[in-house]
Each structure stands twice: as C-alpha cells, then as structure tokens.
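One-letter residues, chain by chain:
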Amino acid sequence: MGNCCVAPGASKRKKKEKKQNPFSIDYSVNHGSSAGNKLWVLKDPTGRDIGTSYDLGRELGRGEFGITYLCTDKSTADLLACKSISKKKLRTAVDIEDVRREVEIMKHLPHHANIVSLKDTYEDDNAVHLVMELCEGGELFDRIVARGHYTERAAASVTRTIVEVVQMCHKHGVMHRDLKPENFLYANKKESSPLKAIDFGLSVFFKPGERFTEIVGSPYYMAPEVLKRNYGPEVDVWSAGVILYILLCGVPPFWAETEQGVAQAIIRSVIDFRRDPWPKVSESAKDLVKRMLDPDPKHRLTAQEVLDHPWLQNAKKAPNVPLGETVKARLQQFSVMNKFKKRALRVIAEHLSVEEVADIKGLFEIMDVNKNGRITLDELKIGLQKTGHQVPDADLQILMEAADVDGDGTLNYGEFVAVSIHLRKMGNDEHLHKAFKYFDKNESGFIEIEELRDSLADELGANYEEVINAIIHDVDTDKDGRISYEEFATMMKAGTDWRKASRQYSRERFNSLSLKLMKDGSLQVQMANGGR
C-alpha cells in the first residue's frame, strides 16, 4: 500500500541506521496545525469543516477505509460524491501515507475526461473528506450486461478508454497498480456517458527505472513480476490486458480455487483461447491480448503501443457481432454470486438459541476495547484471532457487512451475536443445513434453479436466467443441474469470488506466498509460514 521502491544503493545503508516503525503513529505530532495533539493527515486541505460548503446525503458505497456519500454543493446545488475516511481506520503510518499520496496524485494528474476529478479536500478531528465528481452511471460490467447485446467492438471501445487512462498516468509519473473493472464507473446513465477511473488508493509516483517490491493490487490482475517483487509501470498494461480478456470472454485468464493456484497460473502465464467465445473473436483482438499479457515486462507493449495496435486503431471497424449470451451471463454472475453467499450468511445468523448466546456477552466486552458498545472490523479480527478463529479477511468483510444491519461500519451487541453464532455454525453441518433448507423450499435435498431464482429475485435484473444458470454451473460440481448440500457447504466454506479480492486480502494473503526458483528455471509457489 505504500511506495516500496528500492532505491539504488539502498542495500548499502549503514546497519546502525534506525528504520521508522511503520506500525507506530506519533499522534502528538502537530502537522502544521494549531489544533494541538491531533493527527492531521492532509498537508494542505481546503478546510476543516466540510459542512460550511457541502451537505452530505445518503451513503453511496463503503470500502475498507471509508464511506462514500452523496454530496451537495451548497452554493451551486451540484451533486458530487464525498469519500469520508475515518481516522480510526488509519491505524498505521503506512495507512496515513496512502491517503496523503492518493490526494497528491489526484491533484497532480491533469484534468482528463476519463478520470474522476477531485474538487475539494477537508479534514476534521475524526475524518478526511475527499469531495469528488459524482459517477452515478453504474459499474462497467453492469452497463455491459444491461445492453441488449455485447460485441467485440464494444470491448474495444472500453479497452481504449482504460489504456488511455494508463497512458496519461504513466506520462505524468504515476503507476496505478490496482486496475480492475470495479475501479471504473460511468459518469451518468446516458448511453454516451464517459467511463471514469475512480480509485487511486494504491497508486504511486515513479521515476524511470525505479523498481517496486510491495505486493499490492487484486490477485487476478497482478502481473508476474509483482509476485516476484520487482516491477515497474508495465504492470498496469498487464492488468489492462486481464480486463480485456475478461471483456471478451467473461472470465479471468488466470484462475484457480486457491491463492497458490492463482499465483502459479499467473507465473505460468498460459492463455486459454479455446473456450467459447474465443473461436469467433478476431485474430487481431487475440494478438493484442497476448502482447499485453506477455510475462516479460521488457517485451510487453507499452500503453502507447497498445493504443497504436491495429485492433484499437480500427476499433470502430471491429466485429459488431454479439459475443454471445454466455459472456454476458458470466459477467453478471460475478455481480450476483456473492449476494447468494451473503443471503445464506444472514439466514445462518438468524437461527439463534438461548444456549448458544449464553457466553457471547463476555466475549463482546473483551473485544470492545474502547468500551463504546460497538466493535469495529479491526477489533473483531483481532478478537477472533485471540480466540482461535481464523477467518479469511474477505469472508470476514462479507460477514461484517451482512451483520451490520444499521450500516454504520461497526457491530452493536445484537449484531455481534449474529456474527458469533455464524462463526460457530460455519463449522457445524447442522447449522449449515438450516441455511440450505432456506433455499431448498420443496425439501428435495437440492437447491434447484427455480428455488434459487425465487430466493434471489430481488437481486436479479435482466438476463436473470443466464445468471442463475451460471451460478448453478459454478457451484454444481457434479453437473446434475442442481446444488446438493455438499456443494452448498463447499461454497460457504470456500473463499469469496475473484471480484471481492480487496486491498487487505491481496496484501495479507499474497504477501504470504513464497516463490522458489527450481532447477529447471521455473518458479514454485507455496504459502509461507504464517500465511492464512
């Protein structure tokens, strides 16, 4: 999450030089403020009180560190977005530096039609507020799915936009490091709406020749040299190539069920052009995919070379033949699959008994370090580790969101009871059976297509049949057209799908990967000691 560039000569430092502890924050430092012993994150905010110029409205989204609200400019009545980052979430010096750098980068980049603009920055005692252009046109994949048909020409148009953003960033000395579909939103609902890059939270400044070592980003979009901890701006072209592959066929090019498997697939860099719809995709498109996903960064195309490629140069002439409903269904599946799992988590949490909750209050009081009657995600994670529960961060985030009924980012006692019961039940088949029965309405012993459709009716939009079929296909390992209890339990106990790979997930899980150079020159990937 921070700039981990290895500067020339860094290894020659004197051994006696004391390194700054990135996990200690000097809250007594006065960062240019007269406020006394307060932590001030931003170097030059617009002001301290956002309320003087803006009204914050409903919540638009929630991330690892902050909540994005609808924001109204009091003087113009313009609608904007405000990303409010709680200082309680900024627990390390690295976290603070990340926020500072994100603001500096957004201020540094010139205005661009496809990059969300930063309007103002405010900082008070409790939070940092970033007022930005509002993007209310929805996510990239959702727009694709909503269209009547989806073609190679449409994929070319999206790819050009993404690579133009990369080119502009690189031209101004910025490496994005976290390019993925979720970080691109449409500005408005119009068909002609521009696509905007919205998140520079993992971006860094770089100089020509500088190398970086920190593993950041989202696993399925990581370039092989990121896993090898020696990379530069070429990683952004790789990530854009992964997005292009997904745009053309609906699934990631390097896929596996485990972190080790994903890393191994990325290192091998074998691209599959056999599955549908690749046989009907143009050779020019496939050529660009191969050259953007070249495992050797020295041979990989630059952003400018991608834009100069014939497929993008002739984007308006690219085939306008639909890539097929299968591709659209795959894309929409990624938007719905986690909702299936979240619904099941809520059902599990509802089956409480007096006996099961008897000792939970004491546990709540232990975890509630601040004694304010609420538990944060960090407190929950630390408390669970102390009590011997090892829950993957991505799953814990989903669990937190499912239980956080009032949506304030913390758990009160009642919500905590639901989480605690869930953790016990996840290891207990009896309780998983209760959740399974919620979907198995006819008690046949299987979740059938009609039952899944009925249970997720409020989550589904157009093309729901394709989505349901895709979910069944993904969970139904024995391919009998329905989901057995065993298949359901496997899904519930497994990690989340590739779209939910978060900053924290990638940092903790992939940092625990160990890569060994074998005698034949290949790399072996395994989990290092302490990996979760």
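Residues numbered from 1 in each chain as written. Predicted model: local features only at pLDDT ≥ 70, side-chain atom pairs only at ≥ 80, totals over all residues. Heavy atoms only, no water.

Another point: unusual backbone geometry. The general pattern is negative phi for most residues beyond glycine and trans for most peptide bonds. A cis geometry characterises the amide bond from Asp276 onward to Pro277, with omega recorded as 10 degrees. Within the fold, Pro277 resides in the loop between α6 (259-268) and α7 (283-292). With phi around 75 degrees, Arg177 is a residue other than glycine that occupies positive phi space. Position of Arg177 relative to the elements: it lies in the loop between β6 (174-175) and β7 (184-186). Residue Lys479 is not a glycine yet carries a positive backbone phi of 55 degrees. Note that Lys479 resides in the loop between α18 (464-475) and β11 (483-484). (Helix = DSSP H or I, 4+ residues; strand = E, 2+ residues; numbered from the N terminus.)

Note on soluble globular proteins: their nonpolar side chains tend to be buried together. Formed by 91 residues in total, the largest nonpolar core has its most connected members in Leu247, Leu248 and Trp311. Per-element accounting of this core gives the leading share, 12 residues, to helix α5 (residues 234-249). Leu432, Phe439, Ile471 and Ile472 belong to the second largest nonpolar core, which has 19 residues in total. (Core = buried A, V, L, I, M, F, W, Y, C linked by side-chain atoms within 4.5 Å. Buried < 20%, exposed > 50% of the residue type's maximum accessible area, 1.4 Å probe, protein only.)

Atomic detail in the predicted coordinates should be set aside for any region of low pLDDT. On average, residues of the chain carry a pLDDT of 76, and 67% of them reach 70 or more. pLDDT under 50 marks residues 1-37. Its contacts with residues more than four places away, or in other chains, come to 56 contacts. Contacts of residues 516-523 to residues separated by more than four positions or lying in other chains number 11 contacts, the stretch itself having pLDDT below 50. (pLDDT = per-residue confidence, 0-100. Contact = heavy atoms within 4.5 Å.)

Looking at the element boundaries, Asp440 is found in the loop between α16 (429-439) and β10 (446-447). There is no salt bridge for the buried Asp440, and the closest opposite charge comes from Lys437, which lies 8.1 Å off by N-O distance. Residues contacting Asp440, with those up to four places away along its chain left out, are Gly445, Phe446, Ile447 and Glu451. (Lys, Arg positive; Asp, Glu negative; His and termini not counted. Salt bridge = Lys/Arg side-chain N within 4 Å of Asp/Glu carboxyl O.)

This paragraph deals with empty space enclosed by the protein. The tally for this structure, following the rule as stated, stands at 4 cavities of 30 Å³ or more. For the largest cavity, the calculated volume is near 100 Å³. If you trace the largest cavity, you find 14 residues lining it, with Arg177, Val216, Met222, Val226 and Ser239 closest to the centre. With 3 residues, α5 is the largest single contributor of residues to the lining of the largest cavity. (1 Å grid on protein atoms, 1.4 Å probe; cavity = no way out; pocket = protein on both sides within 12 Å on 5 of 7 lines; lining within 4 Å. Points joined across faces, edges and corners; volume = space filled by probe spheres on them.)

Summarising the element assignment, Asp178 is placed in the loop between β6 and β7. Excluding anything up to four places from it in sequence, Asp178 contacts Asn183, Leu202, Gly217 and Ser218.

On to the pairing of strand β2 (residues 66-73). In terms of strand pairing, β2 meets strand β3 (residues 79-86) through 7 bridges, oriented antiparallel. When the sheet's bridge partners are listed, Gly66 is paired in β3 with Ile85. Between the antiparallel neighbours β2 and β3 lie 5 residues, among them Ala77 with a positive phi of about 70 degrees. (Pairing = 2+ DSSP bridges.)

Between α5 and α7, the shortest axis-to-axis distance is 8 Å and the interhelical angle comes to 145 degrees. In this structure, α5 meets α7 at a crossing whose hand is left-handed. Where α5 approaches α7, its residues Val237, Trp238, Ala240, Gly241, Leu244, Tyr245 and Leu248 are matched on the opposing element by Ala285, Leu288, Val289 and Met292. For the contact of α5 with α7, the residue count by class is 10 nonpolar, 1 polar and no charged. (Axes fitted to C-alpha atoms, helices over the stretch in contact; angles between N-to-C directions. Left-handed = near helix turned anticlockwise from the far one by under 90°. Nonpolar A, V, L, I, M, F, W, Y, C, P; charged D, E, K, R; others polar.)

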